[in-house]
Amino acid sequence: RIDRTRRQRSGQYTLGWYLMITTAVIDDHEAIRLGMSAALHNHPGHQVTLVDGAGTVPEFLAKGVQADVVLLDLQLDDGSDPLDNTEQLIDAGYKVLVYSIADNVRLLRRALAGGAAGVCRKAEPISVTLASIEAVAEGQVVISQEILAAIEGDASYVAANLGPREREVLALYAGGFEVPEVAE
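One structure accompanies this document, and this report is about it. (Residues numbered from 1 in each chain as written. Predicted model: local features only at pLDDT ≥ 70, side-chain atom pairs only at ≥ 80, totals over all residues. Heavy atoms only, no water.)

**So, the overall build of the chain**
Note the following rule: Numbering of helices and strands runs from the N terminus; a helix is a DSSP stretch of H or I covering at least four residues, while a strand is a stretch of E covering at least two. Between buried and exposed lies partly exposed: a residue is buried under 20% and exposed over 50% of the maximum accessible area for its type, with that area taken using a 1.4 Å probe on protein chains only. The contact rule is simple, with two residues in contact once any of their heavy atoms fall within 4.5 Å. Surface exposure here means Shrake-Rupley accessible area, sampled with a 1.4 Å probe, where a residue is shielded only by the protein chains that are shown.
Within the chain, the secondary structure is distributed over nine helices and eight strands. Across the 184 residues of the chain, 40% fall into the buried class. Sequence separation of at least 24 residues holds for 62% of the intrachain contacts in the chain that already meet a minimum separation of 6. Total accessible area computed for the chain in this model is approximately 9500 Å², and 51% of it derives from carbon and sulfur atoms.

**Points about helix α5 (residues 126-137)**
Threshold: How far a helix is expected to stretch is found by multiplying one less than its residue total by 1.5 Å.
Between its first and last C-alpha, α5 extends 16 Å over twelve residues, near the 16 Å set by a 1.5 Å rise per residue. The set of residues buried in α5 consists of Thr129, Leu130, Ser132, Ile133, Ala135, Val136 and Ala137.

**Quick look at the nonpolar core**
Counted only if it meets this: Residues enter a nonpolar core if they are buried and are Ala, Val, Leu, Ile, Met, Phe, Trp, Tyr or Cys, with the set joined through side-chain atoms within 4.5 Å.
Among the nonpolar cores identified, the biggest contains 21 residues, and Ile26, Phe60 and Leu89 are the most heavily contacted of them. Contributing elements (two or more residues each) for this core: β4 (18-26), α2 (57-63), β6 (69-72), β7 (95-100) and α4 (105-113). Counting residues per element, this core draws most heavily on α4, at three residues. Ranked by size, the runner-up nonpolar core spans 16 residues in total, among them Leu40, Leu71, Leu97 and Leu130.

**Overview of the pattern of salt bridges**
Under the convention used in this document: We count a salt bridge whenever a side-chain nitrogen from Lys or Arg sits within 4 Å of a carboxyl oxygen from Asp or Glu.
Throughout the structure, instances matching the rule amount to three salt bridges. Here Arg110 and Asp81 are joined by a salt bridge, their closest N and O atoms 2.3 Å apart. With Arg110 in helix α4 and Asp81 in the loop between β6 and α3 (82-91), this pair connects stretches of sequence that are 29 residues apart. Since its relative accessible area comes to 31%, Arg110 is described here as partly exposed.

**As for the pairing of β7**
So the rule is basically this: Here, any two strands with at least 2 DSSP bridges between them count as paired. Crossover handedness is defined by viewing with both strands directed away from the observer: a clockwise path from the first strand over the helix to the second marks the crossover as right-handed.
Burial runs high along β7: five of the six residues are buried. Here β6 runs beside β7; their pairing, made up of four bridges, is parallel. Bridge pairing in β7 places Val69 opposite Lys95. Here β7 runs beside strand β8 (residues 119-121); their pairing, made up of three bridges, is parallel. Residue Val98 lies in a different strand from β8, and its bridge partner there is Val119. After leaving β7, the chain enters α4 and then returns to the sheet as β8, a path that is right-handed.

**Points about the packing of helix α1 (residues 30-41) against α5**
Selection rule: Here an axis means a line fitted to C-alpha atoms, over the contact stretch when the element is a helix, while the angle between two N-to-C directions is reported on a 0 to 180 degree scale. For this classification, under 35 degrees means roughly parallel, over 145 means roughly antiparallel, 65 to 115 means roughly perpendicular, and everything else is oblique. Amino acids are sorted into nonpolar (Ala, Val, Leu, Ile, Met, Phe, Trp, Tyr, Cys and Pro), charged (Asp, Glu, Lys and Arg) and polar (every other residue, Gly among them).
At their nearest, the axes of α1 and α5 sit 11 Å apart, and the two run at 80 degrees to each other. With respect to α5, the element α1 is oriented roughly perpendicular. The residues of α5 that touch α1, namely those facing Met36, Ala39 and Leu40, are Ile126, Thr129, Leu130 and Ile133. Classifying every residue of the contact of α1 with α5 by side-chain character gives six nonpolar, one polar and no charged.

**Examining the environment of Val69**
In this structure, Val69 sits in strand β6. With residues near it in sequence (within four places) discarded, Val69 still touches Ile21, Thr22, Thr23, Ala24, Lys95, Leu97, Ile133, Val136 and Ala137.

**A short note on the pairing of β6**
In β6, alternate side chains face the same way, and those of Val69 and Leu71 on one face and Val70 and Leu72 on the other are all buried. Taking the sense of rotation as the criterion, the β-α-β connection linking β6, α3 and β7 turns out right-handed.

**Digging into unusual backbone geometry**
One non-glycine residue, Ala102, lies in positive phi territory at about 60 degrees. Here Ala102 shows up in the loop between β7 and α4.

This is how it looks when you write it as structure tokens:
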């Protein structure tokens, strides 16, 4: 569903290709849905599909919305579990990027355990959000060092869910090392 097309900017065709990504927003706050719509419409190569009403996953799925990436809030008004929400969206063929204030580590872990491709904080600049959407659309995982550090700080989760090498990689990345350095 990702369409690579030439886009015209300021009356001239630019060199190269833009990635046309259709993004849906599931959030129970109308201001977030409308704000993301406006922000994405102002950037070339992005389209946005909004979910009307309360912004729940079942409502979204019932509409049969076509989207490449879904921005999913962690805490929806219906009280649904982020793990269940993420799994339902992935089962329906969507890539999921958690879009949240990301202050609840337990809920972050639930969404990531459900298969979310990453986390983008609502406090991030729109350029970071756009880059995160593009990365997820391309099949990459997007999790900031800050989020990894919060997860690493939950010792019981790390001990129960990660093997020795995974714990080492998490600690190195959360400690500031870049991916190529960690890979060595």
